[in-house]
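# Breakdown of the fold
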Amino acid sequence: MTLTFMPGAEPFELAGGEAGVLLMHGFSGSCSEIRALGRTLNEAGYGVFAPALAGHGTSPADLLSVRPEDFFASADAAYREAQQRYARTYVVGLSLGGTLGLYLATRYPLEGIVTIAAPVFMSRFVAWSVPFAKRWMPDRNVITNYSAWRGEVVGYRTTPISSISVFMEVLAAVKGDLPRVNVPVLVLHSTGDQTVPAANAAYIASQVASADKTVRVYPGGRHLLTLPPYLDMVQRDVIRFLHSLEAPYVIGRHAMSKGAPL
């Protein structure tokens, strides 16, 4: 089946070396919101594979048929694609993309994961209101992406309430599995995030089993930290983290080329 994507929402791939990044966008967004970060990661030496999540980048109506297992399946398929391309695979995910990255970390041998404004729970108001709204008006669309309204990114300005309920189910499933995450983790968030509570950052770090875990919560900021002016600090921290994990491989290759013992 060939999908017709909104202009700017298309999945993309940037060729690189042995190390690659599976880069995933957020709920109601598209690859538009991670394209600039992808270019920077590629310039830093990493291959980049950025797929569209299930039901995204085409039409909000496509979310009506998406279930939690479809989101997980799209993440599984994306990981398998990335694994075929790279000797070492890292995951960098924005919002729901970060949540799905945590899901992947419970099932596959990732080299490391970066979550950017990723939720495993939402505010009490959202947690209370979504089930109520789904019961009475499941097919009604509500505003979910103000950045798309402002023209900052390509995404769904509104999404069906039923799809938000599915989104919440995904969060609950991943939240319960966090103790199974045992790979290096960098958790990025901002105090100015009015979409996903910043408390998610500390919670994720407290629940994962990873020995190597770092949390950075930026003062101010917003939910879409992958847009200027916040992009600079985010890409700096992401690249620093990836380089630290790649260092043993780089040093090893250098030693081998010099004939030195590893």
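Above this text is the structure in question.
Rules used throughout
- Residues numbered from 1 in each chain as written.
- Predicted model: local features only at pLDDT ≥ 70, side-chain atom pairs only at ≥ 80, totals over all residues.
- Heavy atoms only, no water.
- Helix = DSSP H or I, 4+ residues; strand = E, 2+ residues; numbered from the N terminus.
- Rg over C-alpha atoms; globule rule 2.2 N^0.38 Å.
- Buried < 20%, exposed > 50% of the residue type's maximum accessible area, 1.4 Å probe, protein only.
- Contact = heavy atoms within 4.5 Å.
- Areas by Shrake-Rupley, 256 points an atom, 1.4 Å probe, with all protein chains shown as cover.
- Lys, Arg positive; Asp, Glu negative; His and termini not counted.
- Charge placed at Lys NZ, Arg CZ, Asp CG, Glu CD.
- Core = buried A, V, L, I, M, F, W, Y, C linked by side-chain atoms within 4.5 Å.
- Phe/Tyr/Trp six-rings, centres within 6.5 Å; stacked < 30°, edge-to-face > 60°.

### A closer look at the overall build of the chain
Regarding its fold elements, the chain presents eight helices and nine strands. Against the globule reference of 18 Å for 262 residues, the chain gives a C-alpha radius of gyration of 18 Å, in line with a compact fold. In terms of overall dimensions, the chain has C-alpha extents of about 70 × 40 × 35 Å along its principal axes. Going through the 262 residues of the chain one by one, you find that 52% of them count as buried. Nonlocal contacts in the chain, meaning residues at least 24 apart in sequence, comprise 73% of its contacts between residues at least 6 apart. As displayed, the chain offers around 11800 Å² of accessible surface, 56% of which is attributable to carbon and sulfur atoms. With 22 positive and 20 negative side-chain charges, the chain shows a spacing of 5 Å between the two charge centroids.

### Description of the nonpolar core
Core analysis: the largest hydrophobic core is formed by 44 residues, its most contacted members being Leu-22, Phe-71, Leu-96, Leu-100, Leu-102, Leu-104 and Val-174. Of the residues forming this core, the biggest block, seven residues, is contributed by helix H6 (residues 161-177). Counting residues in hydrophobic clusters, the runner-up holds 32 residues, among them Tyr-46, Tyr-218, Leu-227 and Leu-245.

### What about unusual backbone geometry?
The omega torsion across Pro-228 and Pro-229 is 5°, close enough to zero to call that bond cis. Here Pro-229 is to be found in the loop between strand E9 (213-218) and helix H8 (231-258). The backbone of Ser-28 shows a phi angle near 70°, a positive value even though the residue is not glycine. Inspection of the secondary structure assignment puts Ser-28 in the loop between strand E2 (19-24) and helix H1 (35-43).

### A short note on the packing of aromatic side chains
Taken as a whole and judged by the stated rule, the model has five aromatic pairs. With a centroid separation of 4.6 Å and an interplanar angle of 35°, the aromatic rings of Phe-72 and Tyr-103 are classed as tilted. One end of the pair, Phe-72, is in helix H2 (residues 68-85); the other, Tyr-103, is in helix H3 (residues 96-105), with 31 residues separating them in the sequence. Residue Tyr-103 is classed as buried on the basis of its relative accessible area of 9%. Aromatic pair Tyr-79 and Tyr-108: ring centres 4.3 Å apart, planes at 25°, arrangement stacked.

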